[in-house]
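The primary structure of each chain is shown beneath.
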Amino acid sequence: MFQSFYDVMINHGRWMLIPRGLGITLLIAFCAILIGSVLGCIFALFKISKDKRLHAVAEVYTTIIRGIPMATQLMIFYFVVFAPLGMQNAVAVAIIAFGINSGAYCTEIFRAGIQGVDKGQMEAGRSLGLSWSQTMVKIILPQAVRTVLPTYTSEFIALIKETSVASFIAVVDLQKACDNIRNSTYNAWIPLLSCAVVYLCLTVGLTKLFAFCEKRMARSDRSK
């Protein structure tokens, strides 16, 4: 068994493809969650807005993006939207596509968090002379952040796993790197199991890290 692992992964330095692919996976995931967070904040405010047009725009965005599989969205962005414009950077397209997709889910996460804050908080802020935006930033959003943090971190972890479809547009991420090893060695189980182990370690590690952060925040709130 060790000899097989050596021949497939160590020999000819094939194992180096995995950290390179992992780097691309993390780059896409981190950049996408940043884009998704910004879009989520904007469209969440649209959704709770009394302006029916803004609400309708947010509703259309979340309905379309959440209703189409990620792999299909990715190929639409690459082959239909950006290819005619001459954009051939598959990693950049993947970041944009995953960011827009994540934004739709972050919209619902943030909307639920904001609406989960007691309405009396807004009234209290306004009675103190704060504007709507000042009340939202100083009173509502800090409470909403603590509420949505577990769901938000789950979205980030799910996003990391979803990036495995980036190989559909020739991005050499972690999944594609292991596929390349499999194709060059005609051995399926060692590269695929290695890929699975890396994803598992990554998601379990992030889950533990986020859980630790949540506990620290909870202790900080209790100490106030």
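On a predicted model such as this, the values are computed, not experimentally measured, just so you know.

Undergrad: Explain helix H5 (residues 90-116) to me, please; I cannot follow it from the model alone.
TA: Residues lying three or four places apart along an α-helix face the same way, a consequence of the helix completing one turn every 3.6 residues. The terminal C-alpha atoms of H5, which comprises 27 residues, lie 39 Å apart, in line with the 39 Å expected from a rise of 1.5 Å per residue. Capping of H5 at its N-terminal end is provided by Asn-89; its side-chain oxygen lies 3.2 Å from the backbone amide nitrogen of Val-91.

Undergrad: Is there a simple way to think about a positive patch on the surface in this case?
TA: Side chains of Lys-208, Lys-215, Arg-216 and Arg-219 sit close together on the surface and give a patch of like positive charge. Examined against the element boundaries, Lys-215 turns out to sit in helix H9 (residues 189-223). Classification of Lys-215 as exposed rests on a relative accessible area of 55%.

Undergrad: In this structure, what is going on with the pattern of salt bridges? I would like to understand it.
TA: Opposite charge on two side chains lets them pair, provided their charged atoms get close. Summed over all chains, the structure comprises six salt bridges. One salt bridge in this structure joins Glu-59 and Lys-47, with 3.2 Å as the shortest N-O distance. Here the residue Glu-59 occupies a position in helix H3 (residues 52-67), and Lys-47 occupies one in helix H2 (residues 17-48), the gap between them amounting to twelve residues. Since its relative accessible area comes to 34%, Glu-59 is described here as partly exposed. Beyond isolated ion pairs, a larger network of salt bridges with shared partners links Lys-47, Glu-59, Arg-66, Glu-108 and Arg-111.

Undergrad: Even after reading the chapter, I still don't get the packing of H3 against H5, so can you show me in this structure?
TA: Helices that pack against each other are described as a pair by the angle of their axes relative to one another and the distance between those axes. The interhelical angle for the contact between H3 and H5, taken along N-to-C directions, is 120°, at an axis separation of 9 Å. Relative to H5, the element H3 lies oblique. Where H3 crosses over H5, the handedness of that crossing is left-handed. Of H5, the residues touching H3 (which contributes Tyr-61, Thr-62, Ile-65 and Arg-66) are Ile-100, Asn-101, Gly-103, Ala-104, Tyr-105, Thr-107 and Glu-108. Split into classes, the residues belonging to the contact of H3 with H5 amount to five nonpolar, four polar and two charged.

About the thresholds
- Residues numbered from 1 in each chain as written.
- Predicted model: local features only at pLDDT ≥ 70, side-chain atom pairs only at ≥ 80, totals over all residues.
- Heavy atoms only, no water.
- Helix = DSSP H or I, 4+ residues; strand = E, 2+ residues; numbered from the N terminus.
- Expected span 1.5 Å × (residues − 1).
- Polar contact = N/O pair within 3.5 Å; in protein donor to acceptor, adjacent residues only side chain to side chain.
- Patch = residues over 30% accessible without salt bridge, like charges linked within 9 Å, V, L, I, M, F, W, Y side chains within 5 Å.
- Areas by Shrake-Rupley, 256 points an atom, 1.4 Å probe, with all protein chains shown as cover.
- Salt bridge = Lys/Arg side-chain N within 4 Å of Asp/Glu carboxyl O.
- Lys, Arg positive; Asp, Glu negative; His and termini not counted.
- Charge placed at Lys NZ, Arg CZ, Asp CG, Glu CD.
- Buried < 20%, exposed > 50% of the residue type's maximum accessible area, 1.4 Å probe, protein only.
- Axes fitted to C-alpha atoms, helices over the stretch in contact; angles between N-to-C directions.
- Parallel < 35°, antiparallel > 145°, perpendicular 65-115°, else oblique.
- Left-handed = near helix turned anticlockwise from the far one by under 90°.
- Contact = heavy atoms within 4.5 Å.
- Nonpolar A, V, L, I, M, F, W, Y, C, P; charged D, E, K, R; others polar.

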